[in-house]
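Below, each chain spelled out in residue letters.
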Amino acid sequence: MKLTLDHTQRLNLHALMGAQRADVGSIRAIWNVQDRIALEADEEKAVELKREMVAGQERVVWNPALSVPAKDFEFTDPEVARIKAAIQTWDSYGANADRRWLQPLVETLFPTQPNEGDSK
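For clarity, every value in this text was computed on a predicted model and none was experimentally measured. (Residues numbered from 1 in each chain as written. Predicted model: local features only at pLDDT ≥ 70, side-chain atom pairs only at ≥ 80, totals over all residues. Heavy atoms only, no water.)

**So, the overall build of the protein**
On a plain count of helices and strands, the protein comes out with 5 helices and 4 strands. Beginning at the N terminus, the succession of helices and strands in the protein can be written as β-α-α-α-β-β-β-α-α. With 120 residues in all, the protein has 29% of them scored as buried. Considering only contacts in the protein between residues 6 or more positions apart, those separated by 24 or more positions represent 65%. Of the accessible surface of the protein, which amounts to about 8200 Å², a share of 50% is contributed by carbon and sulfur atoms. (Helix = DSSP H or I, 4+ residues; strand = E, 2+ residues; numbered from the N terminus. Buried < 20%, exposed > 50% of the residue type's maximum accessible area, 1.4 Å probe, protein only. Contact = heavy atoms within 4.5 Å. Areas by Shrake-Rupley, 256 points an atom, 1.4 Å probe, with all protein chains shown as cover.)

What follows is the structure, given as structure tokens:
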């Protein structure tokens with residue numbers, strides 16, 4: 001499956017996937033996806049990305065007024081399943097704050113099915 005991800009989606013998806021609990025084989029598979037979607041050094045510089053330590057955890061922040069072009073990524077079915085699992089098990093949905101980056105992913109990965117009596 002091809003997904004076009006902007007830098008905000010890439011950064012947030014990277015963090016979501018990194019928060020998954022898994023066995024060693026799954027962790028390596030998650031790392032593979034994270035490595036592919038990670039911003040390159042010039043992209044990090046372009047959005048003024050900074051890493052901070054907060055309560056012993058790394059936090060990534062960037063300038064929301066800056067951006068880099070979206071990129072296409074091709075994911076295998078197992079990788080798509082891991083991405084879906086990360087989104088489905090995330091328990092911190094911020095309906096407003098996260099909608100801009102999350103909604104396009106949700107609509108692509110979890111298409112709605114029309115109701116059986118729906119005439120659309």
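After that view of the structure, there is still more to cover.
**A short note on the nonpolar core**
Leu-5, Met-17, Phe-75, Ile-83 and Ile-87 are the most contacted members of the largest nonpolar core, which totals 19 residues. In this structure, Leu-11, Leu-39, Val-47 and Leu-49 belong to the second largest nonpolar core, which totals 5 residues. (Core = buried A, V, L, I, M, F, W, Y, C linked by side-chain atoms within 4.5 Å.)

**Some details on the packing of aromatic side chains**
Applying the stated criterion to the full structure yields 1 aromatic pair. With a centroid separation of 6.2 Å and 25 degrees between ring planes, the pair formed by Phe-73 and Phe-75 is classed as stacked. Judged by relative accessible area, Phe-73 falls into the buried class, the value being 9%. Positioned above the aromatic ring of Phe-110, the side-chain terminus of Lys-84 is 5.8 Å from the ring centre. (Phe/Tyr/Trp six-rings, centres within 6.5 Å; stacked < 30°, edge-to-face > 60°. Lys NZ or Arg CZ within 6 Å of the ring centre and 35° of its normal.)

**A few points about the packing of helix H1 (residues 7-18) against helix H2 (residues 24-37)**
Where H1 meets H2, the axes come as close as 10 Å, and the angle between the chain directions of the two elements is 165 degrees. Relative to H2, the element H1 lies roughly antiparallel. Here H1 and H2 pass one another in a crossing that is left-handed. Note on element contacts: H2 touches H1 through Ile-30, Val-33, Gln-34 and Ile-37, opposite Arg-10, Leu-13, His-14, Met-17 and Gly-18. Of the residues belonging to the contact of H1 with H2, the class tally is 5 nonpolar, 3 polar and 1 charged. (Axes fitted to C-alpha atoms, helices over the stretch in contact; angles between N-to-C directions. Parallel < 35°, antiparallel > 145°, perpendicular 65-115°, else oblique. Left-handed = near helix turned anticlockwise from the far one by under 90°. Nonpolar A, V, L, I, M, F, W, Y, C, P; charged D, E, K, R; others polar.)

**Points about the pattern of salt bridges**
Side chains that differ in charge, positive against negative, can pair when their charged atoms come close. The tally for this structure, following the rule as stated, stands at 9 salt bridges. Residue Asp-72 is joined to Lys-2 by a salt bridge in which the shortest nitrogen-to-oxygen separation is 3.8 Å. Of this pair, Asp-72 sits in strand E4 (residues 71-74) while Lys-2 is found in strand E1 (residues 2-5), placing the two residues 70 residues apart along the sequence. The residue Asp-6 makes a salt bridge to Arg-100 at a minimum N-O spacing of 3.6 Å. Of this pair, Asp-6 sits in the loop between E1 and H1 while Arg-100 sits in helix H5 (residues 99-109), placing them 94 residues apart in sequence. Using a relative accessible area of 55% as the deciding quantity, one classes Arg-100 as exposed. Salt bridges linked by common partners bring Arg-10, Glu-40, Glu-43 and Lys-71 together as one network. (Salt bridge = Lys/Arg side-chain N within 4 Å of Asp/Glu carboxyl O.)

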